[in-house]
Amino acid sequence: MTVAADGSALELRGLSAGYRGRWVVRDVDVAVRRGAWVAVIGPNGAGKSTLLKAVAGLVDHTGEVLLHGEPLSRLGPRARARAVGYAPQTPELPEGLTVTDYVLFGRTPHLGPLARESRADLEIVADALDRLDLSALAHRPLRTLSGGERQRAVLGRALAQRADLLLLDEPTTGLDIGHAQALLDLVDHLRRADGTTVVSTLHDLTLAAQYADELVLVDRGRVVAAGPPADVLTAELLAARYAARVTILTTPDGAPVVAPVR
Ligand SMILES: Nc1ncnc2c1ncn2[C@@H]1O[C@H](COP(=O)(O)OP(=O)(O)OP(=O)(O)O)[C@@H](O)[C@H]1O
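Residues numbered from 1 in each chain as written. Predicted model: local features only at pLDDT ≥ 70, side-chain atom pairs only at ≥ 80, totals over all residues.

**Q** For the pairing of strand 11 (residues 246-250), give the residues involved together with the corresponding values.
**A** The buried count for strand 11 comes to zero of five residues, which makes it a mostly uncovered element. When strand 11 meets strand 12 (residues 256-260), the two strands line up antiparallel, connected through five bridges. Of the residues in strand 12, the one forming a bridge with T250 is P256. Hairpin connection of strand 11 to strand 12: five residues between the antiparallel strands, including G254 at a positive phi of 95°. (Buried ≥ 20, exposed ≤ 12 C-beta atoms within 10 Å, placed from the backbone. Helix = DSSP H or I, 4+ residues; strand = E, 2+ residues; numbered from the N terminus. Pairing = 2+ DSSP bridges.)

In structure tokens form, the structure reads like this:
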């Protein structure tokens, strides 16, 4: 199934991915326009995180991952890290680091031969902290943050990479509704202002519909539906794929709202 085939920034062709030779994502074809936001949705264990990890080059995969027409596999690790920012669902958080140190890691692929950060790198980090409402926590050890604060720091690190493609795995997990909206607004601003292409997983289907241009519904490793949110978020499809009982309402501006019913 193809999402927006022309002028694609990211194209997945026949992508299968998995662990130790067992494919849990199979034969995925997706194309994403530059500056578009595609949300990968689907039930638990469907393969959403694995799909993002395959694009980030972190799990075994076959098929092609093209960024602006170039296979990502041809890039070395540093070039790949400059091109693709990835915020994992459950990141490893190194002991003893402050928030600033951690977000500064996002600049590592851009550092020169002496590996010292420049004033510009520090400004990018300060900007990411400011936008994520983390400036007051800049010098706190990462381990002392609340779950939602930590989640924002993880996004800050990916934003500091200033990559063309942002892969966000469940970026709103653990965030209250206000911080979730602020974070999604920020990502939306970046893709509109800088043309950053965004692929995220999102369990909150209502938020997915409000921020993503297109949804890709994955079930048991395969894409089973793709298209504009209103086409994908139907009560029938969600019953079939999630075993969920829902009714679809609409916001005043016409976006679908997925409401569970007892
Ligand atoms: N490191 C791993 N080794 C082996 N199997 C794995 C590994 N990580 C995930 N899997 C398996 O791959 C399948 C897809 O997992 P994945 O995390 O991609 O699903 P998901 O759609 O992101 O799920 P969720 O919504 O629960 O986060 C699952 O069956 C999972 O158990």
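**Q** Talk me through the site of the ligand; I want residue IDs and the actual numbers.
**A** Around the ligand sit Y19, V24, G42, N44, G45, A46, G47, K48, S49 and T50, and that is every residue in its neighbourhood. Among the elements that line the shell around the ligand, the one with the most residues is helix 1 (residues 48-55), at three residues. Of the residues in the shell around the ligand, the class split is three nonpolar, six polar and one charged. (Near = placed C-beta within 6 Å. Nonpolar A, V, L, I, M, F, W, Y, C, P; charged D, E, K, R; others polar.)

**Q** Give a detailed account of the sheet that holds strand 3 (residues 37-41), specifying residues and quantitative values.
**A** Across the sheet, which stays open at both edges, the six strands sit in the order 6-7-8-3-9-10 with mixed pairing between neighbours. In this open sheet, the two edge strands, each paired with only one partner strand, are strand 6 (84-87) and strand 10 (222-227). Put simply, the sheet's adjacent strands are angled 15° from each other on average, direction ignored. Packing against the sheet, helix 6 (residues 177-194) makes contact with strand 3, strand 7 (165-169) and strand 8 (197-201), and its axis sits at approximately 155° to strand 8. (Axes fitted to C-alpha atoms, helices over the stretch in contact; angles between N-to-C directions. Contact = placed C-beta atoms within 7 Å.)

**Q** Can you tell me about the pairing of strand 10, naming the residues and giving the values?
**A** For strand 9 (residues 214-219) and strand 10, the ladder comprises five bridges, and the chain directions are antiparallel. Residue pairing across strands places D219 opposite R222, the latter belonging to strand 10. In this antiparallel pair of consecutive strands, strand 9 and strand 10, the connection spans two residues, and R220 shows a positive phi of 50°.

**Q** Describe the environment of P229, listing the residues and the values that go with them.
**A** Mapped onto the secondary structure, P229 falls in helix 8 (residues 229-232). Ignoring anything within four residues of it in the chain, the contact list for P229 reads A208, A209, A212, L215, A255 and P256.

**Q** Quick rundown of the sheet that holds strand 1 (residues 8-19)? Include the residues and the values.
**A** The strands that make up a sheet pair up through hydrogen bonds in the backbone, lying either parallel or antiparallel. Strand order across the open sheet formed by four strands is 2-1-4-5, with antiparallel pairing between neighbours. Single-partner strands in this sheet number two, and they are strand 2 (22-33) and strand 5 (70-71). With seven bridges joining them, strand 1 and strand 4 (residues 60-67) adopt antiparallel strand pairing. Looking at strand 4, one finds that E11 is bridged to L66.

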